Structure formats: structure tokens, C-alpha cells
Amino acid sequence: MKAHIVTLPGDGVGPEVTAAAVAVLKAVAARYEHVFTFDEQLIGGAAIDATGAPLPAASLAACQSADAVLLGAVGGPKWSDPNASVRPEQGLLALRAALGVYANLRPLQVHPALADLSPLKNEKLQNVDVLFVRELTGGAYFGAKTRSADTATDECKYTVAEIERVVRRAFELACGRRHHVTSVDKANVLETSRLWRSTVQRIAADYPDIKVEHQLVDSMAMLLLTQPNRYDVVVTENLFGDILTDEAAALAGSLGLLPSASLGDGKAGLYEPIHGSAPDIAGQGVANPVGAILSTALLLRHSLGLEVEAVAVETAVDQVLRHGPHTRDIGGSAGTAAVCDAVLAAIEQHADSASTFLCGARACG
Ligand code: NAD
Ligand code: IPM
Ligand code: MN
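Residues numbered from 1 in each chain as written. Chains lettered and ligands numbered in written order. Predicted model: local features only at pLDDT ≥ 70, side-chain atom pairs only at ≥ 80, totals over all residues. Heavy atoms only, no water.

Undergrad: Got a minute to help me understand the domain arrangement of the protein chain in this structure?
TA: Interface extent is often summarised as the accessible area lost during association of the parts. With domains assigned, the protein chain is organised as domain 1 (1-104 + 254-365) and domain 2 (119-252). Taking only C-alpha atoms, the centre of domain 1 and the centre of domain 2 are 24 Å apart. Each partner contributes residues to the interface: domain 1 has 18 residues there, and domain 2 has 16 residues. Of the roughly 1,500 Å² buried between domain 1 and domain 2 on both sides combined, carbon and sulfur atoms contribute 60%. Contact with domain 2 buries area across many residues of domain 1, yet L93, Y102 and N104 alone supply 42% of it, more than any other trio. Viewed at the interface, domain 2 and domain 1 are joined by zero salt bridges. Summed over the shared surface of domain 1 and domain 2, the number is six residue pairs in polar contact (both at pLDDT 80 or more). Only helix 4 (88-99), strand 4 (103-109) and strand 11 (259-263) provide two or more residues apiece to the side of domain 1 that touches domain 2. Counting residues per element, the side of domain 1 that touches domain 2 draws most heavily on helix 4, which supplies three residues. Of the residues belonging to the side of domain 1 that touches domain 2, the class tally is 11 nonpolar, five polar and two charged. (Domains from an automatic or database assignment. Contact = heavy atoms within 4.5 Å. Buried area = accessible area lost by both parts, 1.4 Å probe. Salt bridge = Lys/Arg side-chain N within 4 Å of Asp/Glu carboxyl O. Polar contact = N/O pair within 3.5 Å; in protein donor to acceptor, adjacent residues only side chain to side chain. Helix = DSSP H or I, 4+ residues; strand = E, 2+ residues; numbered from the N terminus. Nonpolar A, V, L, I, M, F, W, Y, C, P; charged D, E, K, R; others polar.)

Laid out in C-alpha cells, this is it:
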């Protein structure tokens, strides 16, 4: 198949992990006979430096006509003055809003080879398989903001339509998993959360086979650490989802491991690791590329419908996590490029063994 992919490397380790992700997509295209074209565009601090804007019009237009967008990370100390009026993160938020990608899927699994890295006891990490569905285009991130010398406000607003579409997506995803949805809110305090909860209750009636529970976000933060394998699909609002998924990454062993897919109503999507620009390690070639690489698997699956290829990437990453090489954050000493090369080799190996299997089944030479 043919697909056009826009890449937005951004800032800090963004370009380092995006290069690895692009190498993986190129290897998949070559091996599975697809034609992927790539167009690199500016976003974030790099875009501010080059054009003055965190999401230049040319970048947005390119993203809007792409089959999928692959992003590294934005932000960093250079652009973090709390009094600045133009910020890298504004570019990412504007892009999510413009693409209408309201459902941010953040899968969490704990690889057995890395369970010792987690601060939790190994037995708590058995069978952890959670799909967070974070609302991505509403809430406090997008409400009106005010600032005066001694006061600041961030409006948190949700409409029923905004809640309904992301919650329905979560229920649909649960139908293909373990039929369990946990909705996380702060309904004991926030009006937006009460609207959220009553909307979830109404939608739940359409899905009688799904077990639904409601959990307040503060106790959820605790339960995620004490009983992580209780959860299947967890759906929540934008800010709670941001915080809970970084917490969840600690269970996996590193923030560098988790991918994400941001989806709207169409096939096109925005794919990015959940981590940021990691200024403390940027430019050293040591960032873990696994979150970015696993994001390409989500891209292949959700935007391009290439399930076999998505599984090939995930199997290759599984092999590399099992046998190494590993970057520093997960206890190794390999650089980003060495891990990427190992994933590329494992993709070839996986494809070879799959085609040997097929050939054997058909008794061909
Ligand atoms: P961060 O995710 O950049 O880093 C937190 C910690 O995790 C650091 O110690 C970092 O070294 C480590 N880490 C992150 N990614 C890693 C990787 N791939 N391999 C190894 N270690 C990794 O979070 P932060 O320091 O709070 O934020 C830094 C900047 O990134 C801020 O400007 C923030 O706004 C931005 N940010 C951007 C995105 C995004 O673009 N999607 C996401 C989160 C944060
Ligand atoms: C993320 C990041 C972003 C967010 C920032 C950089 C705007 O933390 O993708 O998780 O809060 O959504
Ligand atoms: Mn975040």
C-alpha cells in the first residue's frame, strides 16, 4: 500500500527517537512491499526558533493532508520561561485540536524481562495489560486562561458530546479486550466530573456485556500501584490521563517505553511516545527509542490497517527487550541507534520465520 507520513521530530530527544521510528517504518515498507513517503516538518521550540510560531501553517497543512503523523517531543528549558507568551507545547495542543484527535490511546504492558526495574514487587506486575484512553482535546488544557499580576485561572470545561465520543471509543475498545471499563473522575468535587460520570452511566446501558466501574482519581493513583493487573480499559479526562499514564510508565520500568496513538473519527492519527523532550539526556544518543518505535506499530495498525506489520514491530521490540541491547534507563549501556539496529534485525528475523512457516505450510521450496 501507499501511505504519506509527516514527521515532527521537535525538540530534545525528539529527533533522536523519531529517527529510530522512521528507520523502523522504512524497514517495514521495504520488507512488506509498501511505499511510505515521509515529509519532515517543524514543531515546538525548533519551530519557534525558525519561524516564531510553535506550529507553523506549513506544518499544520502538511499534517492535515497526511495519512498519519509521527511526533517526537516538544519543549525544553530554552523555551520554559513561565512569563513567555509563545511556548512549544502550544504547538502540540494546537495540532491535537486541529486534527480532532480526541482519543489518546496509551497501552501499558510490563515486559517480564523488565519487571525488576519497577519499584513494585514482581508479583504485582504479573499480567498487567491496561489500555488508557485519555480525552485529548478538552478540559483544563483548552479552557479559557487568564493571568493578572496576582491571579491566574484555567477554565475546565467539558460538553456531553466531548465526553460521549471518547467514552464510546473506550467501550468499543473494551469489546475487543477483557470487557471491563474503569472511568476515572473527581465526581466528589468537580462539576465536569459529575457530567462525565452521568454520561458514562448513560452510555454503559448500551454495552450490557461490559463491566463498568467508577474510580475517583486520587484513589486510582494509589490503586494503579497496588493492583495494576485489575484494570483493562481506563478512560479519563485530559489532565488526569496525562498524570496517571506517566505514573503507569513507572510500572513498565521507564517513561521511554510507552507509545501512544491519538485518534479522531477518521483513519488519520497522531502517534508519539508519551515521554517528553528529556532535556537531561538530549543530544547524547542514549534516549530509549522503544516508545517511539512502538508508536509506529500503533500507526501501522490504526491508520494504515496493517496488522501483520504492526505485530512484526511489536514482536521485534519484545525480542530486544528480552535479549537486549538495552538503553541506560532500563539498566543497559546501549545507545539509541544500537537499540534501533537490533529492532531492525529482529523485524527481518521475524519476517523470515513467518515466510518460512508459510512456505512450509504450502510445501514450497
Ligand atoms: P520528560 O518525559 O521529558 O522526562 C522525564 C524523565 O524521563 C527524564 O529524566 C528523562 O530523561 C526521562 N526520559 C524521558 N524520555 C526518555 C527516553 N526516551 N529514554 C530515556 N529516558 C527518558 O518530562 P519532563 O522533564 O517533565 O519534561 C521536559 C519537557 O518535555 C517539557 O518541556 C515538557 O513540556 C515536554 N514534554 C513534551 C511531551 C510531548 O511532546 N509529547 C510530553 C511530555 C513532556
Ligand atoms: C504529553 C505531554 C503534553 C500533555 C504536554 C507537552 C502538552 O505531557 O503528551 O503527555 O500534557 O499532553
Ligand atoms: Mn504527559
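Undergrad: What exactly am I supposed to notice about empty space enclosed by the protein here?
TA: A water-sized probe, rolled over the atoms, reveals where empty space remains. Tallying each qualifying case throughout the model produces one cavity of 30 Å³ or more. The volume enclosed by the largest cavity comes to roughly 30 Å³. (1 Å grid on protein atoms, 1.4 Å probe; cavity = no way out; pocket = protein on both sides within 12 Å on 5 of 7 lines; lining within 4 Å. Points joined across faces, edges and corners; volume = space filled by probe spheres on them.)

Undergrad: Explain the site of ligand 1 here, please?
TA: Near ligand 1, the surroundings consist of 20 residues, among which V74, E89, G276, A278 and D280 are the closest. In this structure, E89 approaches ligand 1 through a side-chain N or O atom, which is 2.5 Å from an oxygen atom. When isolated, ligand 1 has an accessible area of 800 Å², and the protein chains bury 70% of it. (Near = heavy atom within 4 Å. Areas by Shrake-Rupley, 256 points an atom, 1.4 Å probe, with all protein chains shown as cover.)

Undergrad: Quick question: what am I supposed to make of the packing of aromatic side chains here?
TA: Tallied over the full model, the rule gives two aromatic pairs. When the ring of Y158 is compared with that of W196, the centres are 5.8 Å apart and the planes differ by 70°; the resulting orientation is edge-to-face. Remark: W196 occurs in helix 6 (residues 191-204) and Y158 occurs in the loop between strand 7 (152-154) and helix 5 (160-175); sequence separation between them is 38 residues. (Phe/Tyr/Trp six-rings, centres within 6.5 Å; stacked < 30°, edge-to-face > 60°.)

Undergrad: Sorry if this is basic, but what is going on with the sheet that holds strand 9 (residues 211-216) here?
TA: As a general point, the strands of a sheet are linked pairwise by backbone hydrogen bonds and lie either parallel or antiparallel. Read from one edge of the open sheet, 10 strands run 2-1-3-12-11-4-5-10-8-9, paired in mixed fashion. Edge positions in the sheet fall to strand 2 (35-40) and strand 9, since each has one partner strand and no second. For this sheet, the mean inter-axis angle between neighbouring strands, taken without regard to orientation, is 25°. Summarising the sheet, strand 5 (residues 129-135) and strand 10 (residues 233-236) pair through four bridges and their orientation is parallel. Residue pairing in the sheet places R134 in a bridge with T236 of strand 10. (Pairing = 2+ DSSP bridges. Axes fitted to C-alpha atoms, helices over the stretch in contact; angles between N-to-C directions.)

Undergrad: How do you make sense of the side chain of E135 when you look at a structure like this?
TA: When you line up the elements, E135 lands in strand 5. Buried and unpaired, E135 has R165 as its nearest opposite-charge partner, separated by 4.5 Å. The residues touching E135, leaving out its near neighbours within four places in the chain, are Y102, Y158, E162, R165, V166, W196, T236, E237 and N238. (Buried < 20%, exposed > 50% of the residue type's maximum accessible area, 1.4 Å probe, protein only. Lys, Arg positive; Asp, Glu negative; His and termini not counted.)

Undergrad: Help me out: how do you make sense of the layout of surface pockets in this one?
TA: Volume-wise, the largest pocket comes out at about 790 Å³. Every residue lining the largest pocket is counted, 29 residues in all, and those nearest its centre are P107, L108, Q109, D129 and E314. Mapped onto the lining of the largest pocket, the elements with two or more residues apiece are strand 4, strand 5, helix 9 (290-302) and helix 10 (307-323). Sorting elements by how many residues they give to the lining of the largest pocket places helix 9 first, with five residues. Both of domain 1 (1-104 + 254-365) and domain 2 (119-252) provide at least three residues apiece to the lining of the largest pocket. Along the wall of the second largest pocket there are 23 residues; nearest its centre are E89, L92, L93, R96 and Y141.

Undergrad: Help me understand the environment of M1, please; the structure alone is not making it clear to me.
TA: Inspection of the secondary structure assignment puts M1 in the segment before strand 1 (2-10). Here the alpha-carbon distance between M1 and L306, two residues 305 residues apart in the chain, equals 9.3 Å. Once residues within four sequence positions are removed from consideration, M1 is found in contact with E33, H34, V35, F36, L304 and L306.

Undergrad: Which parts of the structure should I look at to understand the pattern of salt bridges?
TA: Pairing of side chains with opposite charge becomes possible as their charged atoms draw close. Under the criterion given, the structure shown has 20 salt bridges. E348 serves as the salt-bridge partner of R31, at 2.8 Å between the closest nitrogen and oxygen. In this pair, R31 is assigned in helix 1 (residues 14-32) and E348 in helix 11 (residues 336-361), connecting sequence segments 317 residues apart. Since its relative accessible area comes to 28%, R31 is described here as partly exposed. The exposure class assigned to E348 is partly exposed, which follows from its relative accessible area of 31%. For R202, the salt bridge identified is with E164, shortest N-O distance 2.9 Å. With R202 in helix 6 and E164 in helix 5, the pair connects residues that are 38 residues apart, well separated along the chain.

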